[in-house]
Amino acid sequence: MTAMLEARDLAVAYGKVEALHKVALTVPEGQIVTVIGPNGAGKTTLLAALMGLLPAKGAIAYQGQSIVQLPTEERVALGLSLVPEKRELFAPMSVADNLALGGFARYRQGARDLDAKRAKVYERFPRLLERADQLAGTLSGGERQMLALGRALMAGPKLLMLDEPSLGLAPRIVQEIFRIIVGLKDLGVSILLVEQNARAALEVADYGYVLEMGEIALEGPAGDLAQNPRIVETYLGLAEGH
Amino acid sequence: MNFDIALLLIQDGIVNGALYALLALALLLVFAVSRVMFVAQGEFVTFGALSLAVLQQGSMPGTVWLLLILGGLAFLADLAVAWKTKRWEGLRGSALLNLALPILLGGLAYWLAPLKPPLAVQVILAVALVVPLGPIVYRLAFQPLANASVLVLLFVAVAVHYALLGLGLLFFGAEGWRTPAFTSFRVSVGPMLVSGQSLLVIGSSAVLILLLTLFFNRTLWGKALRATAVNRVGARLVGIRTEAAGRLAFALTALFGALSGVLISPITTIYYDTGFLIALKGFVGTAIGAMVSYPIAALGALFVGLLESFASFEASALKEVIVFSLLIPVLLWRSLKTHHVGEEEEE
Ligand SMILES: Nc1ncnc2c1ncn2[C@@H]1O[C@H](COP(=O)(O)OP(=O)(O)O)[C@@H](O)[C@H]1O
Ligand SMILES: [Mg+2]
């Protein structure tokens, strides 16, 4: 089976400062892979590079095809979607319009089923239906995250990348978001999940990487990582305090 | 000044103001999507007006040559990029837009011009010859500078303005043109005699503004333009190509520019450099709207039209001075009232 996504020797620099160094990472089809690590480790940089928002050196293959040359928009059209850390919503536009635009890549390819797709998203997030006509900029943090997720789903992604979906959200909403992530996996979507909330991430993931100072420090099946004393001490102990 | 004259001046002001409003909206759209303060917008006005005037003489307008030359350059630019990146997929679209379309339109103009077709056909042809210049100019001048600052983009826009001005002089010559009125229809509204041309300008502007509003609010492409304007990264993440949005915005601005030119050509004598001053007044409307508000930009442009009309009656030699200097307090007031919109808005 070819991997959904495979990165080798990935390097990204901001000017002269290298933020990612020789990163290798694989997302097998239909699995949840998580990348955990402290603030500033390079997690957001990694996702931006995979999505084509930052120029990167090295190899990135998506379903066996090299995409390292492709601009972001074409990666979206191929089935990659990113829910960015900053959400990047269209604040002065309505929730309904934000969702519709989520389907823009498919619309450009000729799909005309945006309304049906949006109805599916509303089923998954009834809260968004209640807020359909409200401007995205007026939503609460949890609603904004749901909208960002819903907008990404409108693209019908095969590989969904999430950058700290739990950031700044109340525990109850974090739970809901993670339940939805697992539900997406059950639908066959492959997922690359970046989290500081290592406990929650390792609970739902199949495989995990630990990113520290721009390099992969450790990797393994999520269950093993959760038992690893170093991980327990550095990341899981901390999460307990939340 | 008596009441009748005041009414006449108001009519004049509204007619010009309606055209400035069209230009103000187009300028704002381009700025929001591409961050370019497109001071060369006026050349589209000129080209629209002069193309119509030349077509009415039964000749093929110089716009055809402009289109063929600039389109050819744009295609070469795309070819060079394709060569360098070894990615050829985009080239077919580029050939269609930059080569096939200009040749098709040029052929049409060459064939139709001597036949002196009905006015409506001439107007459509004149406008159609100008519209592709929008995306072509965007491709040549602004697309390679997607990450440049607003100031650099403004300098480039000024350079584009002078380049197009020179080309306009080359292809249309230095003499002024005025087209006959579209209609000799007149109607009296109360004590006022309103010309059909005035009604046509006001009506067309209103319809165009309505259509633009519908486009922004009802179509996914219109929403995509707004999305690009408010959050470029977000737009890219849903698959909206910044270049495609830029092309569309410039096509719309060329369309609005050319239509304004066609509408104004029976009212004002147009020289190769007249468009600049016209568009500048639209630009003042945009500035009154603080480069962000569409309704205020349109109202501001209307206000500029009225101001200009009264100024030209009171002291016609000084009218431009009066218009531009009376606007300074307005702009000061607006800039104190509104927050400055920076390069990129952070959430
Ligand atoms: N736009 C930028 N310019 C320069 N340095 C940056 C930029 N964005 C991030 N960095 C640096 O790159 C490193 C990785 O950042 P980031 O990918 O955001 O980490 P994480 O998401 O794991 O918190 C940090 O040292 C950060 O300071
Ligand atoms: Mg981050």
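Residues numbered from 1 in each chain as written. Chains lettered and ligands numbered in written order. Predicted model: local features only at pLDDT ≥ 70, side-chain atom pairs only at ≥ 80, totals over all residues. Heavy atoms only, no water.

## Structural notes on the coordination of the magnesium ion (ligand 2)
All names here are of chain A.
Right, on to step 1. Here the magnesium ion (ligand 2) is held by the protein donor atoms Thr44 (OG1) and Glu85 (OE), which lie 2.0 to 2.4 Å from it. In this pair, Thr44 sits in helix 1 (residues 43-51) while Glu85 sits in the loop between strand 6 (80-83) and helix 3 (95-102), placing the two residues 41 residues apart along the sequence.
Right, on to step 2. Using a relative accessible area of 36% as the deciding quantity, one classes Thr44 as partly exposed. (Donors = N, O, S within 2.8 Å, 3.2 Å for Na, K, Ca; no water. Helix = DSSP H or I, 4+ residues; strand = E, 2+ residues; numbered from the N terminus. Buried < 20%, exposed > 50% of the residue type's maximum accessible area, 1.4 Å probe, protein only.)

## Observations regarding the sheet that holds strand 5 (residues 65-66) of chain A
Residue and element names in this part refer to chain A.
Right, on to step 1. In space, the four strands of this open sheet follow the order 2-1-4-5, with antiparallel pairing throughout. Two strands close off the open sheet at either side, each with one partner strand: strand 2 (17-27) and strand 5.
Right, on to step 2. Relative to strand 5, strand 4 (residues 57-62) runs antiparallel, the two sharing two bridges. Note on strand 5: the bridge partner recorded for Tyr62 is Gln65.
Right, on to step 3. In this fold helix 1 packs onto strand 1 (5-14), strand 2 and strand 4, with an angle of close to 115° to the strand it touches most, strand 1. (Pairing = 2+ DSSP bridges. Contact = heavy atoms within 4.5 Å. Axes fitted to C-alpha atoms, helices over the stretch in contact; angles between N-to-C directions.)

## Let's talk about the packing of helix 2 (residues 41-56) of chain B against helix 5 (residues 119-130) of chain B
All names here are of chain B.
Right, on to step 1. Interhelical geometry of helix 2 versus helix 5 gives an angle of 140° and a closest axis separation of 9 Å. Overall, the two elements helix 2 and helix 5 adopt an arrangement that is oblique. In the packing of helix 2 onto helix 5, the handedness of the crossing is right-handed. Only Leu119, Gln122, Val123, Leu125, Ala126 and Val130 of helix 5 make contact with helix 2, whose side of the interface consists of Phe44, Phe47, Gly48, Ser51, Leu52, Leu55 and Gln56.
Right, on to step 2. Residue composition of the contact of helix 2 with helix 5, by class: nine nonpolar, four polar and no charged. (Parallel < 35°, antiparallel > 145°, perpendicular 65-115°, else oblique. Left-handed = near helix turned anticlockwise from the far one by under 90°. Nonpolar A, V, L, I, M, F, W, Y, C, P; charged D, E, K, R; others polar.)

## Regarding the sheet that holds strand 7 (residues 159-163) of chain A
Residue and element names in this part refer to chain A.
Right, on to step 1. Reading across the sheet, the six strands line up as 6-7-8-3-9-10 and stay open at both edges, with mixed pairing between neighbours. On the outer flanks of this sheet lie strand 6 and strand 10 (215-221), each paired with one strand and no other. Strand-to-strand twist of the sheet, defined as the mean angle between neighbouring strand axes without regard to direction, takes the value 15°.
Right, on to step 2. Across six bridges, strand 9 (residues 207-212) lies against strand 10 in antiparallel orientation. Paired with Tyr209 across the strands is Glu219, a residue of strand 10.
Right, on to step 3. This element, helix 1, spans strand 3 (32-36), strand 6, strand 7, strand 8 (190-195) and strand 9 of the sheet and lies at about 150° to strand 7.
Right, on to step 4. Sheet strands in contact with helix 8 (residues 171-186) are strand 3, strand 7 and strand 8, and its direction is about 155° off that of strand 8.

## Description of the interface of chain B and chain A
Right, on to step 1. The partner chain A presents 30 residues to the 21 residues of chain B that form the contact.
Right, on to step 2. Buried surface at the junction of chain B and chain A, both sides included, amounts to about 2,400 Å², of which 61% is carbon and sulfur.
Right, on to step 3. Linking chain B to chain A there are three salt bridges.
Right, on to step 4. For Lys223 of chain B, the salt bridge identified is with Asp97 of chain A, shortest N-O distance 2.9 Å.
Right, on to step 5. Between the two partners, chain B and chain A, sit eight residue pairs in polar contact (both at pLDDT 80 or more).
Right, on to step 6. Counting residues per element, the ones that place at least two in the side of chain B that touches chain A are helix 9 (220-230) and helix 10 (232-237) of chain B.
Right, on to step 7. The leading source of residues in the side of chain B that touches chain A is helix 9 of chain B, at seven residues.
Right, on to step 8. The residue inventory of the side of chain B that touches chain A, partitioned by class, reads ten nonpolar, four polar and seven charged. (Buried area = accessible area lost by both parts, 1.4 Å probe. Salt bridge = Lys/Arg side-chain N within 4 Å of Asp/Glu carboxyl O. Polar contact = N/O pair within 3.5 Å; in protein donor to acceptor, adjacent residues only side chain to side chain.)

## A few points about helix 5 (residues 114-124) of chain A
Right, on to step 1. Within the span of helix 5 of chain A, buried status applies to Leu114, Arg118, Val121 and Tyr122 of chain A. All buried residues of helix 5 of chain A project into a common sector of 100° when viewed along the axis, lining one side. Exposed residues lying more than 90 degrees from the buried face of helix 5 of chain A are Lys120 and Glu123 of chain A.
Right, on to step 2. Contacts made by the buried residues of helix 5 of chain A are with helix 3, helix 4 (104-108), helix 6 (126-130) and helix 7 (141-153) of chain A together with helix 9 of chain B. (Arc of directions from axis to C-beta.)

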